[in-house]
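Chains, contacts and geometry: an overview
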Amino acid sequence: MSNMNKDTNTPTPPRVFGEGGGPGEGTPFCKKGSPPPESSLLSIGSLALVGARGGMGKLIVGRCREAGLTVRELDRPLTDEKIAEGVAGADMVLVSVPVYATGEVAEKVAARMGGRQILADVGSVKTQPINDMVAQYHGPVVGTHPLFGPAPGPDDALRVAVMDGRPGEDVWATRAVADWCRRIGFTPFASDAEEHDRAAAYVQGLNFVTTLAYLAAQGAGGAVQKYLTPSFTRRLVAAEKLITKDAGLFTALYEANPYSHEAVRNFRSFLNLAAGGDVDLLVRRAEAWWTAETAKKDNP
Ligand SMILES: O=C(O)C(=O)C[C@]1(C(=O)O)C=C[C@@H](O)C=C1
């Protein structure tokens, strides 16, 4: 269902690296943007990581070293001297900081970058942080979002959304970042900022605020306490980390994602169906997550 084109109701073909994230930009090495450094695809051998003390920073530094890459670690306080030293000669400068700080950090590092180095970020919202990087740096910009936290389980799929900073330009840089992801054991897939942020508004934003609203609708320990059931308790367990540890993170992501409010309005219309008594329709649509058969039944 997420792979359907809204206008034509036909399946959308998966995006591929080199597509450029924009219409008509399918050629492998697009002419627009900076030329790749050595006339062929750059293989990232060294990087400077800003935010190296953060959870994702530590995970990435460790995996890069295991893969034999050179990593220079940067973190606060970001003095001009430390930045100049860390960034010099690195193939990529990777910014792994809270999404609202990406622009400020990009401004500082871009002042020390040579124009052929790749500026990339790690973050759960893409539109504004990518716009900020593009505004600060004239060289190649790439956005990434690892769809996992700093301590992934052994069976977690380590998928990473990777996208051009300027759609259709510097496609060599996006490919080089995708290749780097593979070399450190991640699984990259091609994305673009709007598609990403719309999806994240549902997967992360709506998951967060609907859980908040549901649990806020009853005071803890109040009248319902002695009626708790196993299925409710399972939901409470799933919500605990989201609310007690990660509420600050998810509030910031909700605020930074331009599609958050639209997602809530859309959700409200589905709640209205329930309020109007049309629960059967909701059940059929929700079941489609598990069964292709029900999807067909619902969209004959
Ligand atoms: O901590 C985890 O295991 C996470 O999955 C963290 C989590 C999430 O919960 O959505 C948080 C932010 C990132 O964008 C991706 C993953």
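The structure presented is a predicted model; accordingly, all values stated were derived computationally and were not measured.

1. A closer look at the packing of aromatic side chains
One pass over the full model with this rule turns up four aromatic pairs. Taking the centre distance of 5.0 Å and the plane angle of 70° together, the rings of Phe148 and Phe186 count as edge-to-face. Separated by 38 residues along the polypeptide, Phe148 in the loop between β5 (141-146) and β6 (159-164) and Phe186 in the loop between α5 (171-183) and β7 (187-190) bring together distant segments of the chain. Judged on exposure class, the residue Phe148 and its partner Phe186 are both buried. Centre to centre, the rings of Tyr202 and Trp289 are 6.3 Å apart; their planes meet at 15°, and the pair counts as stacked. Here the residue Tyr202 occupies a position in helix α6 (residues 193-216), and Trp289 occupies one in the loop between α10 (279-287) and α11 (292-298), the gap between them amounting to 87 residues. Note on Tyr202: relative accessible area 46%, which makes it partly exposed.

2. A closer look at the packing of α6 against helix α9 (residues 260-275)
Put simply, α6 and α9 touch, their axes get as near as 9 Å, and they point 65° apart. Crossing of α6 over α9 shows right-handed handedness. On the side of α6, the interface is formed by Arg198, Ala201, Leu206, Val209 and Thr210, while α9 contributes Ser260, Glu262, Ala263, Val264 and Phe267.

3. What about a nonpolar patch on the surface?
On the surface, a nonpolar cluster with roughly 580 Å² of combined accessible area is contributed by Tyr202, Val203, Trp289 and Trp290. Mapping Trp290 onto the fold places it in the loop between α10 and α11.

4. Observations regarding the site of the ligand
What surrounds the ligand is the set Ser124, His145, Pro146, Phe148, Gly149, Gln204, Lys241, Leu249 and Phe250. Within the side chain of Ser124, an N or O atom sits 2.6 Å from an oxygen atom of the ligand. The separation between an oxygen atom of the ligand and a polar side-chain atom of His145 is 2.6 Å. When isolated, the ligand has an accessible area of 370 Å², and the protein chains bury 67% of it. Elements supplying a minimum of two residues to the shell around the ligand: β5 and α8 (247-256). Counting residues domain by domain, the shell around the ligand receives three or more from each of domain 1 (28-191) and domain 2 (195-298).

5. Section: the packing of helix α3 (residues 102-110) against helix α4 (residues 127-136)
Close contact between α3 and α4 brings their axes to 9 Å; oriented N to C, the two are set at 25°. With respect to their mutual orientation, α3 and α4 come out roughly parallel. Here α3 and α4 pass one another in a crossing that is right-handed. Here Thr102, Gly103, Ala106, Glu107 and Ala110 of α3 come into contact with α4, specifically with Pro129, Asp132, Met133 and Gln136. Of the residues belonging to the contact of α3 with α4, the class tally is four nonpolar, three polar and two charged.

6. Here we look at the environment of Leu281
On the secondary structure map, Leu281 appears in helix α10. Along the backbone, Leu281 and Ala52 are 229 residues apart, and their C-alpha atoms lie at a distance of 48 Å.

What counts as what
- Along each chain, residues carry numbers from 1 onward, in the same order as the chain's sequence is written.
- Only residues with pLDDT of 70 or above have their local features reported here, since the model is predicted, and side-chain atom pairs are shown and tallied only from 80 upward, although totals for entire chains, interfaces and linings are computed over all residues.
- Hydrogens and water molecules were not included; the side-chain quantities draw on all heavy atoms of the structure.
- Each pair of aromatic rings taken from Phe, Tyr and Trp, with Trp reduced to its six-membered ring, is defined by centres within 6.5 Å and is described as stacked if the planes are under 30 degrees apart, edge-to-face if over 60, and tilted in the remaining cases.
- Each helix is a run of H or I in the DSSP string that is no shorter than four residues. Each strand is a run of E no shorter than two, and both are numbered from the N terminus.
- Three exposure classes are used, based on accessible area relative to the maximum for each residue type with a 1.4 Å probe and protein chains only: buried under 20%, partly exposed in between, and exposed over 50%.
- For helices, the axis comes from a line fit to the C-alpha atoms of the stretch in contact; other axes are also lines fit to C-alpha atoms, and the angle between any two N-to-C directions lies between 0 and 180 degrees.
- In this scheme the handedness of a crossing depends on how the near helix is turned from the far one: anticlockwise by less than a right angle means left-handed, clockwise means right-handed.
- Residues count as neighbours in contact if any of their non-hydrogen atoms are within 4.5 Å of one another.
- Patches in this entry comprise residues that are over 30% relatively accessible and not in a salt bridge; like charges within 9 Å are linked, as are nonpolar side chains (Val, Leu, Ile, Met, Phe, Trp, Tyr) within 5 Å.
- Values of accessible area rely on a 1.4 Å probe in the Shrake-Rupley scheme; residue burial ignores everything except the protein chains shown.
- For salt bridges, the criterion is a side-chain nitrogen of Lys or Arg within 4 Å of an Asp or Glu carboxyl oxygen.
- If a single non-hydrogen atom of a residue is within 4 Å of a molecule or strand, that residue counts as near it.
- Pairing of N or O atoms within 3.5 Å defines a polar contact, subject to two protein rules: one partner must be a possible hydrogen donor and the other a possible acceptor, and residues neighboring in sequence count only if both atoms are side-chain atoms.
- For each domain, the first and last residues come from an automatic or database assignment.
- Each angle is binned into one of four classes, with values under 35 degrees roughly parallel, values over 145 roughly antiparallel, values of 65 to 115 roughly perpendicular, and all other values oblique.
- Residues are sorted three ways: Asp, Glu, Lys and Arg are charged, Ala, Val, Leu, Ile, Met, Phe, Trp, Tyr, Cys and Pro are nonpolar, and all the rest, Gly among them, are polar.

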